[in-house]
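If you want the building blocks of each chain, they are given just below.
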Amino acid sequence: MSEVATRRRIPLNGPDAVVTPLELFFDLVFVFALTQVTAVMAADLSLEGLLRGVLVLGLLWWSWTGYAWLCNVVDVDAGPVRLVLLTAMAAMFVIALAIPEAFDDLRGGLPGPVVVAVCYFVFRLMHLVMFWLLAAGDEGLRRQLVRFTPSMLGATTVLLVAAGTDGTTQTLLWVLALAVDYLGTLLGGASGWRIISPGHFAERHGLILIVALGESIVAIGVGVAELPISWPIVAASVLGLVVVSCLWWVYFDLSSVHAEHAFAAEPEETRARFARDAYSFLHVPLLIGVVLTALGLKKVLEYVGDAVDHELSDPLKGVGLLALVGGVAIYLLGHVAFKWRVSHGLFLGRVVATGAVVLVGLVGAQIPALATLSLVAAVLVALVGFETLAYAEHRRELRSPAGH
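Source: prediction; values computed, not measured. (Residues numbered from 1 in each chain as written. Predicted model: local features only at pLDDT ≥ 70, side-chain atom pairs only at ≥ 80, totals over all residues. Heavy atoms only, no water.)

Locating Arg-350 in the fold gives a position in helix α13 (residues 348-364). At 2.9 Å, the side chain of Arg-350 forms a polar contact with the side chain of Ser-255. Dropping the residues within four chain positions of it, Arg-350 is found in contact with Val-250, Ser-255, Leu-332, His-335, Val-336, Leu-383 and Glu-387. (Helix = DSSP H or I, 4+ residues; strand = E, 2+ residues; numbered from the N terminus. Polar contact = N/O pair within 3.5 Å; in protein donor to acceptor, adjacent residues only side chain to side chain. Contact = heavy atoms within 4.5 Å.)

Structure (structure tokens):
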């Protein structure tokens, strides 16, 4: 691929590439999209509304992760690539704007579901075309792109068909569209893809997780922005921040460093498969868990801050409770799967913590919302404390100069 890059004057990344300001700028659109997803789920507190929010999130993630692969290979500050990224930003921004109409079109204006499907197609098409140009002379990568294309076209077609339906049929067609895209990628293999810089790829995924966690903090603030400050609001806000901080700790204290080391040590011929499994696929439950947790925190703040519609003793019920405990549980189980794929090891503490969070959910409908949040925070603090002590030596080894 180096000869191709020279001929086209599009430089490739080196093995020590780092995330660039343009990539961070690109991710800002993803921040807005996440806030839209949380807002839409909060507006439709039903199981189908929750599922639809997760489906939109899956669509956004699959859009974003393709560009994480592209930016790992090529220098994004090169003129043509910079233009592609900025154009892709526009497509994702329009998708984000249309998220409230992704399923239910509002009267007047353009048909929202069609706008989402068309922008998704444009977003993915630019990614494939850019990769195709970079792959000139690389038959392995071009064969992989050919295998990859039908799933993208199939998913877009199903989304366009879904735009003409409504209700459960539309939701099921979205499920089918994502299944076509995700399973098509999995069945297409990874033999032709390239990972030039494992450090860059791991850093990019870590930063997008920070973006999602930041959106959780925004959800806490937005949930009480128009309410008078009170001790219950202060307590719930601090507990919410404790929960988000623990989710950050669980990933960045040990998991991300351990995974990056394993990634760098992976043989070059299997590195793309490692990246696909551990990052493109197994970061999906991490992202879903964070966004659901953000929704749960938002609902808790509404319960403790709105004295008109809720008493302080009211329990968190329904989708709000499911989002809070389910989001944390999905996040922890995602880490268990991530660890297993990275090193075939098991984070037993995280399995136990998942069970404890599920138990909190079982009693959560009978106790005040603030008490439920306190118990979830206590479980996560206990997990962080246990792992800090249990893996102290392993952490020192990973973070020592020799470990790098």
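Turning our eyes to something else, we now look at a nonpolar patch on the surface. There is a patch of nonpolar side chains on the surface, built from Leu-125, Val-129, Trp-132, Leu-133 and Val-146 and spanning about 410 Å² of accessible area. Considering the arrangement of structural elements, one finds Val-146 in helix α6 (residues 139-162). (Patch = residues over 30% accessible without salt bridge, like charges linked within 9 Å, V, L, I, M, F, W, Y side chains within 5 Å. Areas by Shrake-Rupley, 256 points an atom, 1.4 Å probe, with all protein chains shown as cover. Salt bridge = Lys/Arg side-chain N within 4 Å of Asp/Glu carboxyl O.)

Along the chain, Val-357 turns up in helix α13. Taking C-alpha positions, Val-357 is 33 Å from His-200, a pair spaced 157 residues apart along the chain. Setting aside anything within four residues of it in sequence, one finds Val-357 in contact with Val-325, Val-328, Ala-329 and Val-379.

Moving on: the environment of Leu-380. Examined against the element boundaries, Leu-380 turns out to sit in helix α14 (residues 369-390). Exposure remark for Leu-380: the relative accessible area of 0% places this residue in the buried category. Sequence separation of Leu-380 and Ala-356 is 24 residues, and the distance between their C-alpha atoms is 9.5 Å. Once residues within four sequence positions are removed from consideration, Leu-380 is found in contact with Val-243, Cys-246, Leu-247, Val-328 and Leu-332. (Buried < 20%, exposed > 50% of the residue type's maximum accessible area, 1.4 Å probe, protein only.)

Here we come to the nonpolar core. Counting 131 residues, the largest nonpolar core has Phe-30, Trp-61, Tyr-67, Trp-174, Trp-193, Tyr-279 and Tyr-331 as its most contacted members. It is helix α3 (residues 47-73) that contributes the most residues to this core, 15 residues altogether. If we ignore the near neighbours within four places in the chain, the residues touching Trp-193 are Trp-69, Phe-131, Leu-141, Gln-144, Leu-145, Phe-148 and Ala-272. (Core = buried A, V, L, I, M, F, W, Y, C linked by side-chain atoms within 4.5 Å.)

Considering all chains together, one arrives at 11 salt bridges under this definition. Where Glu-302 meets Lys-299, a salt bridge forms, and the shortest distance between an N and an O atom there is 2.5 Å. With Glu-302 and Lys-299 both in helix α11 (residues 284-305) and 3 residues apart, this pair spans about one turn of that helix. Taking the relative accessible area as the measure of exposure, Glu-302 reaches 25% and is therefore partly exposed. Beyond isolated ion pairs, a larger network of salt bridges with shared partners links Glu-23, Asp-27 and Arg-204.

Turning to unusual backbone geometry, a few remarks are in order. The backbone of His-344 shows a phi angle near 55 degrees, a positive value even though the residue is not glycine. Mapped onto the secondary structure, His-344 falls in the loop between α12 (318-343) and α13.

Time to look at the packing of helix α9 (residues 231-265) against α14. Between α9 and α14, the least distance of the axes is 9 Å, while the angle of their chain directions is 30 degrees. Classified by chirality, the crossing of α14 by α9 is left-handed. Together, Ala-235, Ala-236, Leu-239, Gly-240, Val-242, Val-243, Cys-246, Leu-247, Trp-249 and Val-250 of α9 and Leu-370, Leu-373, Ser-374, Val-376, Ala-377, Leu-380, Val-381, Leu-383, Val-384 and Thr-388 of α14 make up the contact between the two elements. A class-by-class count of the residues in the contact of α9 with α14 yields 17 nonpolar, 3 polar and no charged. (Axes fitted to C-alpha atoms, helices over the stretch in contact; angles between N-to-C directions. Left-handed = near helix turned anticlockwise from the far one by under 90°. Nonpolar A, V, L, I, M, F, W, Y, C, P; charged D, E, K, R; others polar.)

The next point concerns the packing of aromatic side chains. Summed over all chains, the structure comprises 24 aromatic pairs. With centroids separated by 5.2 Å and ring planes inclined at 75 degrees, the aromatic side chains of Trp-69 and Phe-201 adopt a geometry described as edge-to-face. One end of the pair, Trp-69, is in helix α3; the other, Phe-201, is in helix α8 (residues 198-223), and 132 residues separate them in sequence. Note on Trp-69: relative accessible area 9%, which makes it buried. Accessibility expressed as a relative area gives 0% for Phe-201, which makes it buried. Summarising the aromatic geometry, the rings of Phe-201 and Phe-263 are spaced 6.0 Å apart at their centres and angled 75 degrees between planes, so their arrangement reads as edge-to-face. Placement of Phe-201 in helix α8 and of Phe-263 in helix α9 is noted, with a sequence separation of 62 residues between them. Both residues of the pair, Phe-201 and Phe-263, count as buried. Its end group placed over the ring of Phe-347, Lys-339 keeps NZ or CZ at 5.0 Å from the ring centre. The cationic tip of Arg-350 hangs over the ring face of Phe-347; the distance from NZ or CZ to the ring centre is 3.8 Å. (Phe/Tyr/Trp six-rings, centres within 6.5 Å; stacked < 30°, edge-to-face > 60°. Lys NZ or Arg CZ within 6 Å of the ring centre and 35° of its normal.)

With 20 residues, helix α4 (residues 79-98) should reach 28 Å at 1.5 Å per residue; the first-to-last C-alpha distance of 29 Å fits that figure. Taken together, the buried positions of α4 are occupied by Val-81, Val-84, Leu-85, Ala-88, Met-89, Ala-91, Met-92, Ile-95, Ala-96 and Ala-98. On its buried face, α4 is in contact with α2 (21-43), α3 and α5 (112-134). (Expected span 1.5 Å × (residues − 1).)

In this section: empty space enclosed by the protein. Using the criterion set out here, one finds 2 cavities of 30 Å³ or more in the structure. If you go around the largest cavity, you meet 13 residues; those closest to its centre are Gly-66, Trp-69, Phe-148, Thr-185 and Trp-193. Those elements that place two or more of their residues in the lining of the largest cavity are α3, α5 and α10 (268-281). Residue contributions to the lining of the largest cavity peak at 4 residues, all from α3. The residue inventory of the lining of the largest cavity, partitioned by class, reads 6 nonpolar, 5 polar and 2 charged. Around the second largest cavity, the lining residues are Ser-255, His-258, Ala-259, Phe-338, Lys-339, Val-342 and Phe-347. Elements represented by at least two residues in the lining of the second largest cavity include exactly α9 and α12. In the lining of the second largest cavity, the residues fall into 4 nonpolar, 2 polar and 1 charged. (1 Å grid on protein atoms, 1.4 Å probe; cavity = no way out; pocket = protein on both sides within 12 Å on 5 of 7 lines; lining within 4 Å. Points joined across faces, edges and corners; volume = space filled by probe spheres on them.)

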